[in-house]
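Take a look at the letters that make up each chain.
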Amino acid sequence: MIPFYLVTGFLGSGKTTLLRRILEDYADDCKIGIIQNEYAPGNIDGKELKGTGKPFEILEINRGSVFCVCLLGGFIDSLSAFIEREEPEIIFLEATGLADPVSIGELLDAPELSKSIYLAHTWCIVDAPKFLEMEPRMTRITHQVRIADTVIINRTDLGGDVDAIQTRIKELNPYIEVVSSTYCDVAFQKVLQGKPAEPMAVRQSRELSTIEPGGRPEIRSVVIRTSSPVSWERLDRFLEEYLPKTYRMKGYVKLSDGSALALQTSFDQYSSETLPNYAGNTEIIAMGESISPREMRNMLIK
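Residues numbered from 1 in each chain as written. Predicted model: local features only at pLDDT ≥ 70, side-chain atom pairs only at ≥ 80, totals over all residues. Heavy atoms only, no water.

J.: Honestly, the nonpolar core in this entry has me stumped. Any pointers?
T.: As a rule of thumb, nonpolar side chains are buried together in soluble globular proteins. The biggest cluster of nonpolar side chains holds 32 residues, and the ones touching the most others in it are Phe10, Val126, Val145, Val151, Ile153, Ile169 and Tyr247. Of all the secondary-structure elements, those providing two or more residues to this core are strand 5 (117-127), helix 5 (131-134), helix 6 (139-146), strand 6 (150-154), helix 7 (162-172), strand 10 (260-266) and strand 12 (282-288). If one sorts the elements of this core by residue count, helix 7 sits on top with three residues. Those residues in contact with phenylalanine 10 that sit more than four places away from it in its chain are Lys15, Gly97, Leu98, Ile125, Met134, Met138, Ile141, Gln144, Tyr247 and Phe267. (Core = buried A, V, L, I, M, F, W, Y, C linked by side-chain atoms within 4.5 Å. Buried < 20%, exposed > 50% of the residue type's maximum accessible area, 1.4 Å probe, protein only. Helix = DSSP H or I, 4+ residues; strand = E, 2+ residues; numbered from the N terminus. Contact = heavy atoms within 4.5 Å.)

Structure follows, in structure tokens:
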């Protein structure tokens, strides 16, 4: 039986950062399988993980949440085939930030999987600056906390009332372990190397089965791809316009001066990293409630 770890958290909370840390610490010692689930029709995070240079096997499932009935059946078949083909020793599922994972029991009980994997632990990462604002508006965030074994209050350097966040988390899930961090710098050795306790999603399976999962969220995803270089002026105008209108943007930008950037935004927070040897094209994924693909492309690309 292969231990299966679930990583949840709303858009931009730090799920990929947590997996980067795990790969850097453990990928040389055991064969890791990672399932990356992206709501949009593209996967920027897979490229980021491959940038660690560490060995791992990856299964990418895009265009929706694997917990949605529209993808669940196909995902079970894909995961079963992935396990048989790659024979990983440990598996991590990075769920899309828009996932409602209360149906995790259906996944684990599927005949194709029930004899090959077991749920070992669930991490939920919450964004310290935005959790108290977003949780009442997004039922799926509430559900992510309710099924978790450990909540990581991340990005605490950027604001947020950590005491109030912890109080609310304990109201939703009294049995949960709560830790605070920046860049998901937490001690997860106890979880990965120790004997796992029975996960919350298993202990509360009967109660969770009565919860109605949220439907498809009213959030649009936009993918912008171009081989044409983007000017700094256009990029600045694009960010000024769409930082307030999006929950999340991520990707790569090839600039007209020959340089390239890795771009990450979460609500109104923006960060970038220069990529000295990037040879690809511009590719940005954006998610928000009322964004127009045509308008976004026109602003970034002539």
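Moving on from the model shown.
J.: How do you make sense of the packing of helix 11 (residues 232-242) against helix 12 (residues 293-300) when you look at a structure like this?
T.: Two elements in contact, helix 11 and helix 12, have axes whose closest approach is 8 Å; the angle formed by their N-to-C orientations is 150°. The orientation of helix 11 relative to helix 12 falls into the category roughly antiparallel. In this structure, helix 11 contributes Arg234, Leu235, Arg237, Phe238, Glu241 and Tyr242 to the contact, and helix 12 contributes Glu295, Met296, Asn298, Met299 and Leu300. Residues belonging to the contact of helix 11 with helix 12 are distributed by class as follows: six nonpolar, one polar and four charged. (Axes fitted to C-alpha atoms, helices over the stretch in contact; angles between N-to-C directions. Parallel < 35°, antiparallel > 145°, perpendicular 65-115°, else oblique. Nonpolar A, V, L, I, M, F, W, Y, C, P; charged D, E, K, R; others polar.)

J.: Can you help me understand the pairing of strand 2 (residues 32-38) in this one?
T.: Where a strand is regular, its side chains alternate between the two sheet faces. Burial within strand 2 is extensive, with seven of its seven residues counted as buried. Taking every second residue as pointing to the same face, both faces of strand 2 are buried, with Ile32, Ile34, Gln36 and Glu38 on one and Gly33, Ile35 and Asn37 on the other. Relative to strand 4 (residues 90-94), strand 2 is paired through five bridges, and the arrangement is parallel. Bridge pairing in strand 4 places isoleucine 35 opposite leucine 93. Bridging between strand 2 and strand 3 (residues 57-62) involves six bridges; their strand directions are parallel. Across the sheet, residue isoleucine 35 finds its bridge partner in strand 3, namely leucine 59. Handedness of the strand 2-helix 2 (residues 44-50)-strand 3 crossover: right-handed. (Pairing = 2+ DSSP bridges. Right-handed = clockwise from strand over helix to strand, strands pointing away.)

J.: What am I meant to see in the sheet that holds strand 3 here?
T.: Hydrogen bonding along the main chain pairs the strands of a sheet, whether they run parallel or antiparallel. With parallel pairing, the seven strands of this open sheet are ordered in space as 3-2-4-1-5-6-7. The sheet is open, and its two edges are formed by strand 3 and strand 7 (177-180), each paired on a single side. Going from strand to strand, the sheet's axes swing by 20° on average, the running direction of each strand aside. When strand 1 (residues 2-9) meets strand 5, the two strands line up parallel, connected through eight bridges. For phenylalanine 4, the partnering residue across the bridge sits in strand 5 and is leucine 119. Sitting on the sheet, helix 6 touches strand 1, strand 5 and strand 6, and the angle it makes with strand 5 is about 130°. Running over the sheet, helix 7 touches strand 5, strand 6 and strand 7 and is turned about 155° from strand 6.

J.: It is not clear to me how helix 1 (residues 15-26) should be interpreted in this structure. Could you clarify?
T.: Compared with an ideal rise of 1.5 Å per residue, which puts twelve residues at 16 Å, helix 1 spans 17 Å between its outermost C-alpha atoms and is within 8% of the ideal. Within helix 1, burial applies to Lys15, Thr16, Leu18, Leu19, Ile22, Leu23 and Tyr26. All buried residues of helix 1 project into a common sector of 155° when viewed along the axis, lining one side. (Expected span 1.5 Å × (residues − 1). Arc of directions from axis to C-beta.)

J.: Teacher, can you tell me more about the sheet that holds strand 8 (residues 220-226) here?
T.: Spatially, five strands are ordered 8-12-9-10-11 in an open sheet, and the strand pairing comes out antiparallel. Since the sheet does not close on itself, it has two edges, and those belong to strand 8 and strand 11 (269-274), each with one partner. Taken over all neighbouring pairs, the strand axes of this sheet differ in orientation by 15° on average, direction set aside. Bridging between strand 9 (residues 248-254) and strand 12 involves five bridges; their strand directions are antiparallel. When the sheet's bridge partners are listed, methionine 249 is paired in strand 12 with alanine 286. Relative to strand 8, helix 12 is tilted by about 35°, and along the sheet it contacts strand 8, strand 9 and strand 12.

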